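Close look at the chain arrangement
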Amino acid sequence: MGRLTERTADGILVKEDQGESALKTLYQCYGTEPMPHYANCDEGYCVMEKLAKLEDMADVLEKMCDEYCQYPSKCPNQETLDNICKKCELTKLFEVLAGIAPVQEGRWERG
């Protein structure tokens, strides 16, 4: 499933369905920043903002690994790199943050 939200200068567009011609609803705040309790925002803006943040996090794992991991340039092949990535604690952390894997009983669990 692709993104449901799209950030714009006016607010957050939310797709009501998948596909190019999907209906989009604009959720916005009136003013530069949301006021306490989102008093100056459309009803539902708070939830849509959280959804947009979660969707923004979905590519954090890939970006972090691409930017900071030392192994891609040192591994002789993709299989070796995949094995290293499976053991990486950062991978597990980012998967949990992105909602890919749950945390259970205080330890990381791969989903």
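Residues numbered from 1 in each chain as written. Predicted model: local features only at pLDDT ≥ 70, side-chain atom pairs only at ≥ 80, totals over all residues. Heavy atoms only, no water.

**Topic: the packing of aromatic side chains**
A complete count under the given rule lists one aromatic pair for this structure. When the centroid spacing of 6.1 Å and the interplanar angle of 45 degrees are considered together, the rings of Tyr-38 and Tyr-45 count as tilted. On the basis of relative accessibility, which here comes to 28%, the residue Tyr-38 falls in the partly exposed class. (Phe/Tyr/Trp six-rings, centres within 6.5 Å; stacked < 30°, edge-to-face > 60°. Buried < 20%, exposed > 50% of the residue type's maximum accessible area, 1.4 Å probe, protein only.)

**Focus on the sheet that holds strand S2 (residues 12–15)**
On the basis of which strands lie adjacent, the open sheet formed by three strands has the order S1-S2-S3 and antiparallel pairing. At either margin of the open sheet sits one strand with a lone partner, and together these are strand S1 (5–7) and strand S3 (24–27). In this sheet, neighbouring strand axes are inclined to one another by 25 degrees on average, regardless of whether the strands run parallel or antiparallel. Taken together, the four bridges between S2 and S3 define a ladder with antiparallel strand orientation. Bridging across to S3, Leu-13 finds its partner in Leu-26. Here helix H1 (residues 45–57) sits on the sheet and contacts S1, S2 and S3; the angle it forms with S1, its principal contact strand, is near 90 degrees. (Pairing = 2+ DSSP bridges. Helix = DSSP H or I, 4+ residues; strand = E, 2+ residues; numbered from the N terminus. Axes fitted to C-alpha atoms, helices over the stretch in contact; angles between N-to-C directions. Contact = heavy atoms within 4.5 Å.)

**Structural notes on the nonpolar core**
By size, the foremost hydrophobic cluster in this structure holds eight residues: Ile-12, Val-14, Tyr-27, Cys-29, Cys-41, Tyr-45, Met-48 and Ala-52. Taken together, the elements giving at least two residues each to this core come down to S2 and H1. Ranked by the residues each element gives to this core, the list is headed by H1, at three residues. Beyond its immediate stretch of four places on either side in the chain, Val-14 contacts Leu-4, Thr-5, Leu-23, Lys-24, Thr-25, Tyr-27 and Met-48. (Core = buried A, V, L, I, M, F, W, Y, C linked by side-chain atoms within 4.5 Å.)

**As for unusual backbone geometry**
Here the phi dihedral of His-37 falls at roughly 60 degrees; this positive angle occurs in a residue that is not glycine. Its location among the elements puts His-37 in the loop between S3 and H1.

**Some remarks on the confidence of the model for the chain**
Averaged over all residues, the pLDDT of the chain equals 76, while 70% of them reach at least 70. Taken as a whole, residues 103–111 scores under 50 in pLDDT and shows 17 contacts with residues more than four places along the chain or in a different chain. (pLDDT = per-residue confidence, 0-100.)

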